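Report on the structure
Single-letter residue listing:
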Amino acid sequence: MNITSTYEAWLLEKEALVTNVRAKMGEHRFCHTLSVAKETLSLAEAFVFSENDAKRLFVAALLHDYTKAYSTEKQLSIAKEYGVTLSKDDLASPPVLHSRTAAAVVSKKFPNDTDDEICEAIRCHTVGKKEMSLFDKLLFLADYIEETRTHPICQETRKQFYEKLASGNNKEKTLNDTLRQVLQNTIDYVTKQGNKVHSDSLNMLENL
Ligand SMILES: [Fe+2]
Ligand SMILES: [Fe+2]
């Protein structure tokens, strides 16, 4: 797969979706969204996804931060409106709310472009969950390592991940090792801020 030409072709194919997403966020987040989508193409290729699955992962990336620009108050009202159950940990971590609400909103708003697996990957893209599918894991990782992330930890994670893959390391093991490191980084950060770590992240880490 030629990543750049596939990326451009699929953005055109999903033009209506892209236009809708563009209207939901500022320039910076939109660039991040596009970059996550592009990243999923590299990951889908590395993990030998079919064209159909790669395109579904691409759509999940386009929609993953669909509600992120909303205030906490609005997240809560969307959750109520869409019947989204929020756990105690979700409520204690406002940055998690957008993943829960985005999954519910895009499922209703884009029924022809989404399915259960796409919405589930969006739902758990912030803090993970105990049993992550490969599809869930790749969206989660793409969000963290996409090219426009400027944080040195994200850049280093990206570099090491692709280097390990290129040197022929076992792909599943490389993915799980990388995710373990990502979670550990996040846990260290959250703990340092004096906040409680979300139980879904602890469960994911334990299960990797
Ligand atoms: Fe997000
Ligand atoms: Fe994101």
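Preceding this paragraph is the structure being described.
Structure report, in brief. Along every chain, residues carry numbers that run from 1 in the direction the sequence is written. For this description, chains carry letters from A and ligands carry numbers from 1, given in the order in which they are written. Local features in this predicted model are restricted to residues whose pLDDT is 70 or higher, and side-chain atom pairs enter the listing and the counts only when it is 80 or higher, whereas totals over whole chains, interfaces and linings include all residues. By convention in this description, side-chain values take in all heavy atoms of the structure and omit both hydrogens and water.

1. Some words on the packing of helix H3 (residues 27–46) against helix H4 (residues 51–63)
Applicable threshold: Each axis is a line fitted through C-alpha atoms, and for a helix only the stretch in contact is used; angles between axes span 0 to 180 degrees, taken between their N-to-C directions. To qualify as a helix, a DSSP run of H or I must reach at least 4 residues; to qualify as a strand, a run of E must reach at least 2; elements of each kind are numbered from the N terminus. Our angle categories are set so that under 35 degrees counts as roughly parallel, over 145 as roughly antiparallel, 65 to 115 as roughly perpendicular, and the remainder as oblique. For any helix crossing, the convention is left-handed if the near helix is rotated counterclockwise from the far helix by under a right angle, and right-handed if that rotation is clockwise. Contact definition: two residues touch when any of their heavy atoms are within 4.5 Å.
At a minimum axis distance of 8 Å, the contact between H3 and H4 shows a crossing angle of 155°. It follows that H3 is roughly antiparallel to H4 by the angle criterion. Helix-helix and strand crossings are classified by hand; for H3 and H4 the assignment is right-handed. Counted together, Thr33, Leu34, Val36, Ala37, Lys38, Thr40, Leu41 and Ala44 of H3 and Ala54, Leu57, Phe58, Ala61 and Leu62 of H4 form the full contact between these two elements.

2. What about the side chain of glutamine 75?
Where we set the bar: Relative accessible area decides the class of each residue, using a 1.4 Å probe on protein chains only: under 20% of the type maximum gives buried, over 50% gives exposed, and in between gives partly exposed. We call two N or O atoms a polar contact when they sit within 3.5 Å, provided that within protein one can donate a hydrogen and the other can accept it, with sequence-adjacent residues counted only if both atoms are side-chain atoms.
Secondary-structure assignment places glutamine 75 in helix H5 (residues 72–82). The class of glutamine 75 is buried, set by a relative accessible area of 4%. Side-chain polar atoms of glutamine 75 contact the backbone oxygen of tyrosine 70, separated by 3.4 Å. Once residues lying within four places of it in the same chain are set aside, the contact partners of glutamine 75 are Thr67, Lys68, Tyr70, Leu97, His98 and Thr101.

3. A short note on the coordination of the iron ion (ligand 1)
What counts, and what does not: Atoms of type N, O and S within 2.8 Å of a metal are treated as its donors, and for Na, K and Ca the window is 3.2 Å; water is not considered, so some sites may appear to be missing partners.
Taken together, the protein ligands of the iron ion (ligand 1) are Asp65 (OD), His98 (NE2) and His125 (NE2), with distances of 2.1 Å. On the primary sequence, the residues serving as donors to the iron ion (ligand 1) are separated as D-x32-H-x26-H. A separation of 3.5 Å is found between the iron ion (ligand 1) and the iron ion (ligand 2), both of which receive a donor from aspartate 65. Of this pair, aspartate 65 sits in the loop between H4 and H5 while histidine 98 sits in helix H7 (residues 94–109), and the two are 33 residues apart along the sequence. Grouping residues by exposure puts aspartate 65 and histidine 98 together as buried.

4. Points about the side chain of threonine 157
Looking at the element boundaries, threonine 157 is found in helix H10 (residues 152–166). Residue threonine 157 is classed as buried on the basis of its relative accessible area of 9%. The contacts of threonine 157, once residues within four sequence positions are left out, are Tyr144, Ile145, Thr178, Val182 and Asn185.

5. Side note on the environment of aspartate 200
Its location among the elements puts aspartate 200 in helix H12 (residues 199–207). Since its relative accessible area comes to 17%, aspartate 200 is described here as buried. The sequence separation of aspartate 200 and aspartate 53 amounts to 147 residues, and the corresponding C-alpha distance is 25 Å. Excluding residues that lie within four positions of it along the chain, aspartate 200 makes contacts with Arg100, Val127, Gly128, Lys129 and Lys130.

6. Quick word on the nonpolar core
The criterion, for reference: Residues enter a nonpolar core if they are buried and are Ala, Val, Leu, Ile, Met, Phe, Trp, Tyr or Cys, with the set joined through side-chain atoms within 4.5 Å.
Counting 57 residues, the largest nonpolar core has Leu63 and Ile122 as the members making the most contacts within it. With residues up to four places along the chain from it excluded, the contact list for isoleucine 122 reads Ala60, Leu63, His64, Ser99, Ala102, Ala103, Val106 and Leu139.

7. A closer look at the coordination of the iron ion (ligand 2)
Each angle at a metal carrying four tetrahedral donors should ideally be 109.5 degrees, and each at a metal carrying six octahedral donors should ideally be 90 or 180 degrees. Cut-off, in case you're wondering: Angle rules define the geometry names used: all angles between 85 and 135 degrees makes four donors tetrahedral, while opposite donors over 155 degrees apart and all other angles between 65 and 115 make four donors square planar and six octahedral, leaving every other case irregular.
The iron ion (ligand 2) binds to the protein through His32 (NE2), His64 (NE2), Asp65 (OD) and Asp143 (OD), with metal-donor distances spanning 2.2 to 2.3 Å. The coordination sphere of the iron ion (ligand 2) comprises four donor atoms, whose angles at the metal cover 81 to 174°; the geometry is irregular.

8. Details of the packing of aromatic side chains
Our working definition: Note on ring pairs: Phe, Tyr and Trp rings are taken, using the six-membered ring of Trp, and paired if centres are within 6.5 Å. Classes follow the plane angle, with under 30 degrees stacked, over 60 edge-to-face and the rest tilted. By the criterion adopted, a ring carries a charge over it if an Arg CZ or a Lys NZ lies within 6 Å of its centre and within 35 degrees of its normal.
The full count for this structure, using the stated rule, is five aromatic pairs. Three or more aromatic residues joined by ring pairs make a cluster, and in this case those are Tyr7, Trp10 and Phe58. If you follow lysine 38 out to its NZ or CZ, it ends over the ring of tyrosine 7, 5.3 Å from the centre. Of note, lysine 74 hangs over the ring of tyrosine 70, and the distance from its end group to the ring centre comes to 4.1 Å.

9. Thoughts on helix H11 (residues 171–192)
An α-helical turn contains 3.6 residues, so any two residues separated by three or four positions project in the same direction. In plain terms, the rule: Residue count minus one, scaled by 1.5 Å, sets the expected span of a helix.
Relative to the 32 Å expected for 22 residues at 1.5 Å per residue, H11 spans 31 Å between its end C-alpha atoms, a close match to the ideal helical length. Looking at H11, one finds that the buried residues are Thr174, Leu175, Asn176, Thr178, Leu179, Val182, Leu183, Asn185 and Ile187. Considering only its buried residues, H11 is in contact with helix H9 (134–145), H10 and H12. Backbone nitrogen of glutamate 172 and a side-chain oxygen of the N-cap are separated by 3.1 Å at the start of H11; the cap is asparagine 170.

In short, the description is geometric, and any link to function would need to be established separately.
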